[in-house]
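# Remarks on the overall topology
So the chains spell out like this:
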Amino acid sequence: MFKQRFLMFTASLLVSAGAWSQANLIPAAPSVAASAYLLMDANSGQVLIEHNADQRIPPASLTKLMTSYVLSYELERGEVSNDDMVTISKNAWAQNPIFNGSSLMWIEVGKQVALHDLHKGVVISSGNDASVAVAEHVAGSEDAFAGIMNQHAGMLGMSNSHFVNSHGLPDPDHYTSARDLALLAKAIIGFPREYALYSEREFIYNGIRQSNRNGLLWSDPSVDGLKTGHTTEAGYCLVTSAKRDGMRLISVVMGASGERARERETQKLLSYGFRYFETHHLYAAGSELTRSKVWKGDSDTVVLGVQNDVYMTIPRGKSEALDAQLIVDDVLTAPIAADEEYGELVVSLDGAEKVRVPLVALEAVEEGGIFKRLWDSIVLFFLNLVS
């Protein structure tokens, strides 16, 4: 089918570059002392730096990011409530460190604990006991919960992840990757009410005060999540998110040599990303980008736009090199279905295509009356002869 191609000139593309110019160059990415790492923009999903990002690595307590995500998902759907009172099983209590060296929320067998407190125990205290209690409440057993974790991993595109428990103690079949953890962090941020737990510095339960192990919450005011992890097999790991001047980055560092090292290497990644890149919100979901002619319809035009927000991360100072084009189907004939694709939006930087997303109808157009359809058929017939 023929398509109409025309340029888009919008104010959102012509963003001030401040003191930068297009002549500014992006230096090489910093050297990061970790076995695997990745830096991603949280809105555009663009990866800025990566190393061994798809290598399968034991996740240690970073597993609890998936535990928290599944719980947030169920809370959002109304399947469970933060006010649910959860009776602590012997299995959850048995995560006591005298058995396996676990970190704990210090819940007690037989006691009832609010689900919201257990979520804090997972996120802030990194409690293995809280993780098992959440798993049992959501799915009935930890094994069943692990199955749900893996289903969510598949839906999120986490192709190098597999979970067998809710807490992260080592198992040969329990693994993830830096890229997968970045995708998971991005999804967690999509639940803002529950994500707020990740910025809390401490949690007091059962008279015991425990500090969030993410030391960057104290040293960097732009950091508001996510989580640490450590086992002998995994090394020292840290998944972080920070927001500066409206730009949010996600950093994943795995296999660092110590607690300070994982924070230091994370700061290298964040500093590089914020210093040399910028993210623009090009188009809002559901906003009108163009109106196109409709034949044989009860309306002569249809509004076209994008279903989701369109973000793009580019080197700082390069906004003037952005170019957007709409490619629209040449002949649109009613009926037109809302949300159906009738073209594409293509955004390029310096002539290289960077973003291509469907252009969809933002409204339905029904068929017109018999005389309208007949007249448009005649007009189209002669137009086709001319062309």
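The rules behind these values
Residues numbered from 1 in each chain as written. Predicted model: local features only at pLDDT ≥ 70, side-chain atom pairs only at ≥ 80, totals over all residues. Heavy atoms only, no water. Helix = DSSP H or I, 4+ residues; strand = E, 2+ residues; numbered from the N terminus. Buried < 20%, exposed > 50% of the residue type's maximum accessible area, 1.4 Å probe, protein only. Contact = heavy atoms within 4.5 Å. Areas by Shrake-Rupley, 256 points an atom, 1.4 Å probe, with all protein chains shown as cover. Lys, Arg positive; Asp, Glu negative; His and termini not counted. Charge placed at Lys NZ, Arg CZ, Asp CG, Glu CD. Pairing = 2+ DSSP bridges. Axes fitted to C-alpha atoms, helices over the stretch in contact; angles between N-to-C directions. Polar contact = N/O pair within 3.5 Å; in protein donor to acceptor, adjacent residues only side chain to side chain. Expected span 1.5 Å × (residues − 1). Core = buried A, V, L, I, M, F, W, Y, C linked by side-chain atoms within 4.5 Å. pLDDT = per-residue confidence, 0-100. Salt bridge = Lys/Arg side-chain N within 4 Å of Asp/Glu carboxyl O.

Per the secondary structure count, the protein includes 11 helices and 18 strands. Projecting the C-alpha coordinates of the protein onto the three principal axes gives extents of approximately 85 × 50 × 35 Å. Taken over 387 residues, the protein has a buried fraction of 49%. The long-range share in the protein, meaning contacts at least 24 apart out of those at least 6 apart in sequence, stands at 66%. When the accessible surface of the protein is split by element, carbon and sulfur atoms take 50% of a total near 17600 Å². Of note, the protein has its 32 positive side-chain charges centred 5 Å away from the centre of its 46 negative side-chain charges.

Overall, antiparallel pairing links the five strands, which are arranged β3-β2-β10-β9-β8 in an open sheet. With one partner strand each, in any of the chains shown, β3 (47-51) and β8 (223-231) form the two edges of the open sheet. The mean inter-strand angle of the sheet, taken between neighbouring strand axes irrespective of direction, is 5°. One ladder, built from eight bridges, connects β8 with strand β9 (residues 235-244); its direction is antiparallel. Within β9, the residue paired with L226 across the bridge is T240. Most of the contacts of helix α10 (residues 259-276) go to strand β10 (residues 247-256), to which it runs at about 145°, and overall it touches β2 (36-41), β3, β8, β9 and β10.

Before going further, it helps to spend a moment on the pairing of strand β6 (residues 202-205). Walk down a regular strand and you will see the side chains alternate between the two sheet faces. Here β6 shows a clear split, with F203 and Y205 buried on one side and none of E202 and I204 buried on the other. Two elements, β6 and strand β7 (residues 208-211), share four bridges in a ladder whose sense is antiparallel. Among the inter-strand pairings, I204 is bridged to a residue of β7, identified as R209.

It is worth spelling out the environment of Y195 at this point. As for its placement among the helices and strands, Y195 is situated in helix α8 (residues 192-195). Sequence spacing of Y195 and P358 is 163 residues, and the spatial spacing of their C-alpha atoms is 30 Å. Sequence-distant contacts of Y195, defined by excluding residues within four places in its chain, comprise I188, I189, D224, G225, L226, S241 and R248. At 2.5 Å, the side chain of Y195 forms a polar contact with the side chain of D224.

Let's shift gears to helix α5 (residues 128-139). The first and last C-alpha atoms of α5 sit 16 Å apart over 12 residues, in line with the 16 Å expected at 1.5 Å per residue. Extensive coverage of α5 is indicated by the burial of nine of its 12 residues. Taken together, the buried positions of α5 are occupied by N128, D129, A130, S131, V132, A133, V134, A135 and V138. Tucked into the core, α5 has its buried residues touching α1 (63-77), β4 (85-87), α2 (90-93), α4 (115-123) and α6 (142-155). Among the residues trailing α5, G140 stands out with phi positive, at a value near 95°.

For the rest of this paragraph, the subject is the nonpolar core. Core analysis: the largest hydrophobic core is formed by 58 residues, its most contacted members being L65, M66, L118 and M254. In this structure, M66 is in contact with M149, H152, A153, L156, M158, F163 and L184, ignoring residues within four places of it in sequence.

Take the pairing of β8 next. Burial analysis of β8 places eight of its nine residues in the buried class, which makes it a mostly covered element. Taking the residues that link successive antiparallel strands as the turn, the β8-β9 hairpin has three residues.

Moving on to the side chain of T266. With respect to the helices and strands, the residue T266 is situated in helix α10. For T266, a relative accessible area of 0% translates into the label buried.

The next point concerns unusual backbone geometry. Look at the link from G225 to L226: it is a cis peptide, with omega at 10°. Here L226 is to be found in strand β8. A positive phi angle, close to 55°, is found at S126, a residue other than glycine. Mapped onto the elements, S126 comes out in the loop between α4 and α5. Residue D245 is not a glycine yet carries a positive backbone phi of 50°.

Mapped onto the fold, S159 is located in the loop between α6 and α7 (178-189). A sequence separation of 20 residues divides S159 from R179, and the C-alpha atoms of the two residues are 9.3 Å apart. Excluding residues within four positions of it along the chain, S159 makes contact with R56 and D180.

For any part of a model where pLDDT is low, the fine detail of the predicted coordinates should not be relied upon. Across the protein, the average pLDDT comes to 91, with 91% of residues at or above 70. Within the model, pLDDT remains below 50 along residues 9-23, and this stretch shows 22 contacts once partners closer than five positions in the same chain are excluded.

So, about the pattern of salt bridges. If you walk through the whole model with that rule in mind, you get 18 salt bridges. Between E74 and R77 there is a salt bridge whose closest N-O contact spans 3.6 Å. Here E74 pairs with R77, and both are found in helix α1, just three residues apart, close to one helical turn. A residue is classified by how much of its surface remains accessible, and E74, at 11% relative accessible area, is buried. Of the charged contacts, one joins E353 and R356 as a salt bridge, the two residues approaching to 2.8 Å between their closest N and O atoms. The class of R356 is partly exposed, set by a relative accessible area of 41%.

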